[in-house]
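Residue strings, one per chain:
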Amino acid sequence: MDFTVNTARFITSAGLGSELPEPKCAEIAVVGKSNVGKSSLINSLCGRNKLAKTSSKPGKTRLINYFLLNEEFYLVDLPGYGYAAAPKEEQAKWGRLMEGYLSSGRVSHICMLIDVRHEPTALDRQMFGYIIYYGIPYTLIATKADKLAKTKRRQAANAAAKLLGAPPYAIAWSSETGEGRRELLQRIEAVVHPEAGVDPEAAE
Ligand SMILES: Nc1nc2c(ncn2[C@@H]2O[C@H](COP(=O)(O)OP(=O)(O)O)[C@@H](O)[C@H]2O)c(=O)[nH]1
Ligand SMILES: [Mg+2]
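All values derive from a computational prediction rather than experimental measurement. (Residues numbered from 1 in each chain as written. Chains lettered and ligands numbered in written order. Predicted model: local features only at pLDDT ≥ 70, side-chain atom pairs only at ≥ 80, totals over all residues.)

S.K.: Can you help me understand the pairing of strand E4 (residues 73-77) in this one?
M.R.: Sheet faces and side chains relate simply in a regular strand, where the side chains alternate between the two faces. Here E4 lies mainly inside the structure; 5 of its 5 residues are buried. Side chains Phe73, Leu75 and Asp77 project from E4 onto one buried face, and the interleaved Tyr74 and Val76 project onto a second face that is buried too. Bridging between strand E2 (residues 26-31) and E4 involves 5 bridges; their strand directions are parallel. Bridge pairing links Ala26 to Phe73 in E4. Where strand E3 (residues 64-69) lies against E4, 5 bridges are found, and the strand directions are antiparallel. Considered in E4, the bridge of Asn65 is made with Asp77. In sequence, E3 turns back onto E4 through a hairpin of 3 residues, with Asn70 there showing a positive phi of about 50°. (Buried ≥ 20, exposed ≤ 12 C-beta atoms within 10 Å, placed from the backbone. Helix = DSSP H or I, 4+ residues; strand = E, 2+ residues; numbered from the N terminus. Pairing = 2+ DSSP bridges.)

Printed below as a string of structure tokens:
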């Protein structure tokens, strides 16, 4: 049977100096600039409207938010970056929080979100650099695909990945229409159930 999300519940929010939950299971983190659609992706993936707080005002989530899915893996909503009006002190705190988290060794996989319509920013490239530096496996996801014509989405998603300095592939995703859902679930399944990945029939 196809892998899916059956249950999702909020576990905790953590800031600088607060403890993260016990690292007892696979942990998939969602990163990207403010307003790119991180919380919307989590809600859409979980089939819940208000699990993660979404906002049309950028820069509102400054904490690491933990959700437990299927009672078996963490999905983690990380604070966004690139909100121009954020004070310097706030940006420095973000840096310390992210550095501590990414270097902790507890992150199994990162979903990095980029807007399908925009070129990656310098901060996006910096974020991608951290992912590579810490050697964390990742999936690139081009959000808001519904805002482009259907014929342009795939190519735009892949072009955005290439501009980031990654191999030219990103999942074309829409939290509005569910586009990309199957692809993302397959990625998540491979992280959570790596042993189930090899189908001996298909490998022949
Ligand atoms: N059309 C469209 N709008 C989206 C999509 N994902 C997010 N949004 C909108 O973008 C804004 C920011 O989304 P949010 O999930 O709060 O972004 P976050 O700051 O990265 O967590 C909200 O107004 C969302 O409704 C999408 O796939 N399609
Ligand atoms: Mg958010």
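Having put the structure on the table, let's press on.
S.K.: Mind showing me how you'd approach the pairing of E3 here?
M.R.: In this structure, strand E1 (residues 8-14) lies alongside E3, joined through 6 bridges in antiparallel fashion. Among the inter-strand pairings, Ala14 is bridged to a residue of E3, identified as Ile64.

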